[in-house]
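A structural walkthrough
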Amino acid sequence: SQGSDRFEIITFKNAFHGRTMATISASNQEKMHKSFLPLLEGFKYVDFDDLEGAKAAVGPKTAAFLVEPIQGEGGVRPASDAFMQGLRALADEHGIMLILDEVQCGVARSGTLYAYEQYGIIPDIMATAKGLGGGFPVGACLATEEAARGMVVGTHGSTYGGNPFAMAACQAVWDVVANEEFLAQVRSTGEKLRSTLEQFIGNYPDLFTGVRGKGLMLGVMMTHETRAFVAHLRDNHGLLLVAAGDNTFRVLPPLNIGDAEIQTFMEKLSAGAASYQMPQAA
Ligand SMILES: *Cc1c(COP(=O)(O)O)cnc(C)c1O
């Protein structure tokens with residue numbers, strides 16, 4: 001059945017979709033809800049990468065799935081192929097939308113222009129931002145013709161939407177990244193960085209447990225909370241990384257780094273790991 005009785009969106013645990021009222025409500029993370037209650041209704045949270053859970057959550061009011069193909073803040077966790085393809089199939093079966101949040105993993109970061117390409121699926125709606133403006137603040141929402149049917153002139157707008165300066169910034173980025181040679185370079189640099197990291201962490205089994213991600217969106221998993229280590233690298237070794245969920249820190253370098261930058265990075269990371277005092281368990 002189609003129509004306005006369907007408003008529920010199924011989202012996934014440890015997702016991050018931003019800080020508007022709706023996207024705070026779309027996340028199950030209580031630390032984000034604090035101080036912003038009451039939330040918008042209509043969001044159901046299911047375990048990430050749990051296709052059976054997603055299937056069980058679909059009901060008569062379900063309008064869409066909303067998912068990051070690679071969870072960013074949640075710990076650089078790529079969804080499995082079976083999960084993404086299964087969500088696409090479920091959405092088709094029930095006549096609901098598959099909405100992808102590629103704000104962090106999109107725009108060449110994962111080694112393809114958008115991560116969904118690696119799953120062999122096509123979303124109905126997709127959010128893109130972060131890398132889109134190469135540092136200029138801009139975001140966009142893409143939709144298929146069918147999904148955009150209701151969004152006619154006058155239904156939605158934004159004071160700064162479509163401003164020519166932002167569009168020029170996007171075009172400049174696009175001219176560089178929407179290019180098979182550039183994307184191949186991101187993939188090979190990503191593989192190089194990943195295998196270098198994998199080799200390195202073998203020297204510190206007490207600190208690190210693995211590397212995951214796609215392209216130049218990599219996460220290093222630690223045996224304990226990452227924030228103290230990230231602060232240590234910043235304060236003592238001049239290295240900027242970002243902590244994420246699930247005891248993981250993010251390695252998301254500029255997409256045009258070369259061997260020299262990887263070497264500098266690894267030197268700093270090695271020095272940081274060697275000088276790090278692991279916090280004692282309380
Ligand atoms: C950064 C990000 C957003 C947007 O976050 P804002 O704080 O609202 O700018 C949305 N989704 C994902 C996956 C992100 O990484």
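Residues numbered from 1 in each chain as written. Predicted model: local features only at pLDDT ≥ 70, side-chain atom pairs only at ≥ 80, totals over all residues. Heavy atoms only, no water.

Describing the packing of aromatic side chains
Defined as follows: By convention, a stacked pair of Phe, Tyr or Trp rings (six-membered ring in the case of Trp) has centres within 6.5 Å and planes under 30 degrees apart, an edge-to-face pair has planes over 60 apart, and any other such pair is tilted. A run of H or I in DSSP counts as a helix once it spans at least four residues, and a run of E counts as a strand once it spans at least two, with each numbered from the N terminus.
Enumeration according to the criterion identifies twelve aromatic pairs in this entry. Pairing Tyr114 with Tyr116 gives two aromatic rings, centres 6.4 Å apart and planes at 15 degrees, and the pair type is stacked. Seen from their ring centres, Phe136 and Phe165 are 5.0 Å apart, and the 75 degrees between their planes marks the pair as edge-to-face. With Phe136 in the loop between β7 (125–128) and β8 (140–143) and Phe165 in helix α5 (residues 164–177), this pair connects stretches of sequence that are 29 residues apart.

Overview of the packing of helix α7 (residues 227–237) against helix α8 (residues 259–275)
The cut-off we apply is this: Geometry is summarised by axes, namely lines fitted to C-alpha atoms with helices restricted to the contacting stretch, and by angles between N-to-C directions that run from 0 to 180 degrees. Orientation categories follow fixed angle ranges, with anything under 35 degrees roughly parallel, anything over 145 roughly antiparallel, 65 to 115 roughly perpendicular, and all other angles oblique. Should the near helix be turned anticlockwise from the far one by less than a right angle, the crossing is left-handed, and should it be turned clockwise, the crossing is right-handed. Should any heavy atoms of two residues lie within 4.5 Å, those residues are counted as being in contact. Throughout, the ten residues Ala, Val, Leu, Ile, Met, Phe, Trp, Tyr, Cys and Pro are labelled nonpolar, Asp, Glu, Lys and Arg are labelled charged, and all others, Gly among them, are labelled polar.
Where α7 meets α8, the closest approach of the two axes is 10 Å, and the angle between their N-to-C directions is 115 degrees. One finds that α7 runs roughly perpendicular with respect to α8. Considering how the two elements wind past one another, α7 and α8 form a crossing that is right-handed. Of the residues in α8, those in contact with Phe229, His232, Leu233 and His237 of α7 are Lys268, Leu269, Ala271, Gly272, Ala273 and Ser275. When the residues that make up the contact of α7 with α8 are grouped by side-chain class, the tally is five nonpolar, four polar and one charged.

Quick notes on the site of the ligand
As a reminder of what qualifies: Being near a molecule or strand, for a residue, means having at least one of its heavy atoms within 4 Å of it. The term polar contact refers here to a pair of N or O atoms within 3.5 Å; inside protein, the definition further demands a hydrogen-donor-capable atom paired with an acceptor-capable atom, and it admits residues adjacent in sequence only when both atoms are side-chain atoms. Only the protein chains shown count as cover for residues, and all accessible areas are computed by the Shrake-Rupley method using a 1.4 Å probe.
Close contacts around the ligand come from Phe16, His17, Gly18, Arg19, Glu68, Glu73, Asp101, Val103, Gln104 and Lys130, and that covers them all. A distance of 3.3 Å separates a nitrogen atom of the ligand from a polar backbone atom of Phe16. The side chain of Arg19 places a nitrogen or oxygen atom 2.4 Å from an oxygen atom of the ligand. For the ligand, whose accessible area on its own is 390 Å², the fraction buried by protein is 77%. Among the residues forming the shell around the ligand, the class breakdown is two nonpolar, three polar and five charged.

Looking at the domain arrangement of the protein chain
Operational definition: Domain start and end points were adopted from an automatic or database domain assignment. Throughout, the accessible surface (probe 1.4 Å) given up by two parts as they are put together, summed over both, is called the buried area. The salt bridge criterion pairs a side-chain nitrogen of Lys or Arg with a carboxyl oxygen of Asp or Glu, the two atoms within 4 Å.
Partitioning the protein chain into domains gives domain 1 (8–177) and domain 2 (180–275). Both faces considered, domain 1 and domain 2 share a buried interface measuring about 1700 Å² in area, 63% of it formed by carbon and sulfur atoms. Contact with domain 2 buries area across many residues of domain 1, yet Val76, Arg109 and Gly111 alone supply 37% of it, more than any other trio. Across the domain 1-domain 2 interface, the total number found is one salt bridge. Across the pair Arg250 and Glu73 runs a salt bridge, and its minimum N-O distance is 3.1 Å.

With respect to the sheet that holds strand β12 (residues 248–251)
As a reminder, the rule being used: A pair of strands is treated as paired once DSSP finds two or more bridges between them.
Spatially, four strands are ordered β9-β10-β12-β11 in an open sheet, and the strand pairing comes out antiparallel. The open sheet terminates on both sides in strands that have one partner only, identified here as β9 (208–214) and β11 (242–244). Across the sheet, the mean angle separating the axes of adjacent strands is 30 degrees when strand polarity is ignored. Its contacts with the sheet put helix α6 (residues 180–201) on β9, β10 (217–222) and β12, and the angle it makes with β9 is roughly 170 degrees.

Here we look at the pairing of β12
Both faces of the sheet carry side chains from a regular strand, because those side chains alternate between them. Threshold: Between buried and exposed lies partly exposed: a residue is buried under 20% and exposed over 50% of the maximum accessible area for its type, with that area taken using a 1.4 Å probe on protein chains only.
Burial of the side chains of β12 extends over both faces: Thr248 and Arg250 are buried on one face and Phe249 and Val251 on the other. Relative to β12, β10 is paired through four bridges, and the arrangement is antiparallel. When the sheet's bridge partners are listed, Leu218 is paired in β12 with Val251.

Thoughts on the side chain of Thr112
On the secondary structure map, Thr112 appears in the loop between β6 (97–101) and β7. Its relative accessible area of 12% is what places Thr112 among the buried residues. Engagement of the side chain of Thr112 in a polar contact is seen with the side chain of Ser110, the distance being 3.4 Å. Among the polar contacts listed, one links the side chain of Thr112 to the side chain of Gln118, at a separation of 2.9 Å. Look past the residues within four positions of Thr112 in its chain and what remains in contact with it is Glu117, Gln118, Leu183 and Arg187.

Some details on the sheet that holds β7
Ordered by their spatial adjacency, six strands build an open sheet running β2-β1-β3-β6-β7-β8, and the pairing between neighbours is mixed. Each edge of the open sheet carries a strand with a single partner, namely β2 (43–46) and β8. Between one strand axis and the next, the sheet turns through 20 degrees on average, direction left out of account. The sheet contact formed by strand β1 (residues 8–12) and strand β3 (residues 62–67) spans three bridges and is parallel. When the sheet's bridge partners are listed, Glu8 is paired in β3 with Thr62. With respect to the sheet, helix α4 (residues 81–94) is in contact with β1, β3 and β6, its orientation differing from that of β3 by roughly 165 degrees.

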